[in-house]
Amino acid sequence: QVQLVESGGGLVQAGGSLRLSCAASGNIFVLVNNVLGWYRQAPGKQRELVADVTFSGGANYAASVLGRFTISRDNVKRAVYLQMNSLKPEDTAVYYCALRRPASSWPDSWGQGTQVTVSA
């Protein structure tokens, strides 16, 4: 019902910045009534929430990125963004855009992922 396509990953030095974008398409009703977010998975680790944002703009962040990353959402463009500043090597991971229903604890729609690599 919903398709998510990420872009903007790449290689950056520690202390640098990257901006990830995710374009959503599909069922408009589903997009309006759900939470868009960014998750990441590093090699050998479980996938974890980075940040998510409700339709009205309420944002939630993982403690490890608070103050460095900013999530935003453009409901007209059906897009969600993740501005990542002061990047650290431990931020290296595949970053996924995802959509979840407000009553669910885990997303049920995922993008294909984009690699972010931070060199020391």
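Each value, and the rule that gives it
- Residues numbered from 1 in each chain as written.
- Predicted model: local features only at pLDDT ≥ 70, side-chain atom pairs only at ≥ 80, totals over all residues.
- Heavy atoms only, no water.
- Buried < 20%, exposed > 50% of the residue type's maximum accessible area, 1.4 Å probe, protein only.
- Helix = DSSP H or I, 4+ residues; strand = E, 2+ residues; numbered from the N terminus.
- Pairing = 2+ DSSP bridges.
- Salt bridge = Lys/Arg side-chain N within 4 Å of Asp/Glu carboxyl O.
- Disulfide = S-S within 2.5 Å.
- Axes fitted to C-alpha atoms, helices over the stretch in contact; angles between N-to-C directions.

Student: If you had to explain the pairing of strand β7 (residues 69-74) to someone new, which residues and values would you point to?
Tutor: Alternating residues of β7 divide into Phe69, Ile71 and Arg73, all buried, and Thr70, Ser72 and Asp74, none buried. One ladder, built from 6 bridges, connects β7 with strand β8 (residues 79-84); its direction is antiparallel. From the neighbouring strand, Thr70 faces β8, where its bridge partner is Gln83. Linking β7 to β8, which pair antiparallel, is a turn of 4 residues; within it Arg78 sits at a positive phi near 55 degrees.

Student: Give me the pattern of salt bridges: which residues, what numbers.
Tutor: Counting across every chain of the model gives 5 salt bridges. For Glu48, the salt bridge identified is with Arg40, shortest N-O distance 2.8 Å. Arg40 sits in the buried class, given a relative accessible area of 5%. Across the salt bridge formed by Arg40 and Asp91, the nearest N and O atoms sit 2.9 Å from each other. Note that Arg40 is positioned in strand β4 (residues 35-41) and Asp91 in the loop between β8 and β9 (93-100), a separation of 51 residues in sequence. Three or more residues are tied together by salt bridges with common partners; here these are Arg40, Glu48, Arg68 and Asp91.

Student: Please set out the state of the cysteines residue by residue, giving values where relevant.
Tutor: Inspection of every chain in the model, using the stated rule, returns 1 disulfide. The disulfide bridge from Cys22 ends at Cys97, spanning 2.1 Å between sulfur atoms. Residues Cys22 and Cys97 are joined through a disulfide that is left-handed, its torsion about the S-S bond being -80 degrees. Highlighted residues: Cys22 in strand β3 (residues 18-26) and Cys97 in strand β9, separated in sequence by 75 residues. In this structure, Cys22 and Cys97 share a single accessibility class: buried.

Student: Kindly report on the sheet that holds β8, identifying the contributing residues and their values.
Tutor: Spatially, β1-β3-β8-β7 is the arrangement adopted by the 4 strands of the open sheet, whose pairing is antiparallel. Looking at which strands have only one partner, the edges of the open sheet turn out to be β1 (2-7) and β7. Going across the sheet, the axis of each strand differs from the next one's by a mean of 15 degrees, ignoring polarity. Summarising the sheet, β1 and β3 pair through 6 bridges and their orientation is antiparallel. Bridge pairing links Ser7 to Ser21 in β3.

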